[in-house]
Amino acid sequence: MQAVISIPELASLVSEQQATDLLMRPVAGVPLLIRTVLTAARAGASDVLLVVPAAMSGRLPQKLLETISQQELRVELIQISEFDPQGHSSWVILKQHLKDEFLWLPWNWITTRNFVSQMSLVDIGSVDWSKAAYATLHEVDRESASSALPPRSAGGVAVTSPESAVAAERLLVAHSGKVLDGIHTSFNRRLCRPFVRLLSHTPVTPNAVTFGGVVVSILSAFAFAHGTYFWSVLGALLFYIAGLFDEMDGMLARIKFAESPSGTWLEGMADGLSYLLLFGGITIGLSRQYGRIAVWMGIALLIGAVLALITTSLQRRRATTPDRPNEYLGRFYQLLEKDSGNWISRVVRRVQAFQRRGILIHYIVLFTILGLLPLVFFLATLGAHLTWILTLYFNRRFFSQSAKVNPTVSKVKEAL
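Throughout what follows, the structure given in this document is the object of discussion. Not measured: the values here are computed from a predicted model.

Helix and strand counts for the protein chain come out as 17 helices and 10 strands. Residue burial in the protein chain is summarised as follows: out of 416 residues, 44% are buried. Here the contacts in the protein chain between residues at least 6 apart in sequence split such that 75% fall between residues at least 24 apart. Only carbon and sulfur atoms are counted for the fraction: they give 61% of the accessible area of the protein chain, which is about 22000 Å².

Rendered as structure tokens:
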């Protein structure tokens, strides 16, 4: 997909330095124009047509190109005097550079990938040029469009002042979750919003937030290890806070375009380590009350947790490509839905969500306050061992190496 971004004529209104400050105004830690270009890439654009005023110095466009040089994005820069999207003559000039369908993004329009994906295709005569649009140079087939969903424009905020920049940041943080978020995770993210917005204005990286969550998990384990009711409740609350760190690192990564495969793997390892610390602390604490039986149960739980961590990591490698490990959970859910005729897949799809950390942190707090920590201990042991057993089952059912080899073998036989 092609994205078209036009920079207005600012030289006659402000100085070059003021124009640069305006175009590169930080929004959630990312310069405004850079954010617009990267939003286009996140929405699926593989190349960007950047229209700049002919009078603009080449230093700003060059700075932009240098900034996004590491992205897998091709940027074509065209300088035109007084480009007006509402004028037919302006599009005539660009016609040889345009594809039949393109994503229009105003230079200062802050939006999200989900908003863009919901847009309907419209012809350029129907576009509101102050907002994002998915446009075509040709007339849209009204008959086919009438059977589809009603046309929708991309939600967003036009940044024209410090106040609108704040509103844009609030929008970005509010929509920095995932499609698969449930009610528990959405509640957690709502608590995290002020802190994520604050962190977006600092040099703190998502990986640093991940390590911060591990530190809080260590404190939680020490609290649980004391074994008393007060310390156990404190440990549960600290584990809940560590879970909020787990939400914040992903939110911060998405709004600052800092997502990476290594960050996804680091987050997964940090989650696994947090569980091991939690179970280790609970084992020590319960052993003070129940003696040797708690120790043996704890050993069984830790063995199950380690096996579950190893098998799910291997399954993630099989289920996704090296550059997209973050797609693992979504793909796994899709496979379970397609395999709903199998009762095991159907049951796992219904209960799997309860194993996610965003939900578990709520139940850890609730059960600890109610004095039901031994029950949590038993259920966690059972769940850990079921997890690695079912993971092996689904590895064979969904991600078997033979499924990848057989098509190749068939092609070779066919060729022979």
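On we go from here.
On to the environment of Asp 246, then. In this fold, Asp 246 is placed in helix α10 (residues 229-255). Given the relative accessible area of 13%, Asp 246 is considered buried. Linking Asp 246 and Pro 206, residues 40 residues apart in sequence, is a C-alpha distance of 9.6 Å. If near-sequence neighbours (up to four positions away) are discounted, Asp 246 is found in contact with Glu 267, Asp 271 and Arg 357.

Another point: the sheet that holds strand β9 (residues 133-136). Strand order in the open sheet formed by six strands is β5-β4-β1-β6-β9-β8, and the pairing between neighbours is mixed. With one partner strand each, in any of the chains shown, β5 (74-80) and β8 (121-123) form the two edges of the open sheet. Direction aside, the axes of adjacent strands within the sheet are offset by 35° on average. In this structure, strand β1 (residues 2-6) lies alongside strand β4 (residues 47-53), joined through five bridges in parallel fashion. For Gln 2, the partnering residue across the bridge sits in β4 and is Asp 47.

Residues in a regular strand project their side chains so that they alternate between the two faces of the sheet. Where strand β6 (residues 101-106) lies against β9, four bridges are found, and the strand directions are antiparallel. Across the sheet, residue Phe 102 finds its bridge partner in β9, namely Ala 135. In terms of strand pairing, β8 meets β9 through three bridges, oriented parallel. Its bridge partner being in β9, Asp 123 is matched across the sheet by Thr 136.

Rules behind the numbers
Residues numbered from 1 in each chain as written. Predicted model: local features only at pLDDT ≥ 70, side-chain atom pairs only at ≥ 80, totals over all residues. Heavy atoms only, no water. Helix = DSSP H or I, 4+ residues; strand = E, 2+ residues; numbered from the N terminus. Buried < 20%, exposed > 50% of the residue type's maximum accessible area, 1.4 Å probe, protein only. Contact = heavy atoms within 4.5 Å. Areas by Shrake-Rupley, 256 points an atom, 1.4 Å probe, with all protein chains shown as cover. Pairing = 2+ DSSP bridges. Axes fitted to C-alpha atoms, helices over the stretch in contact; angles between N-to-C directions.

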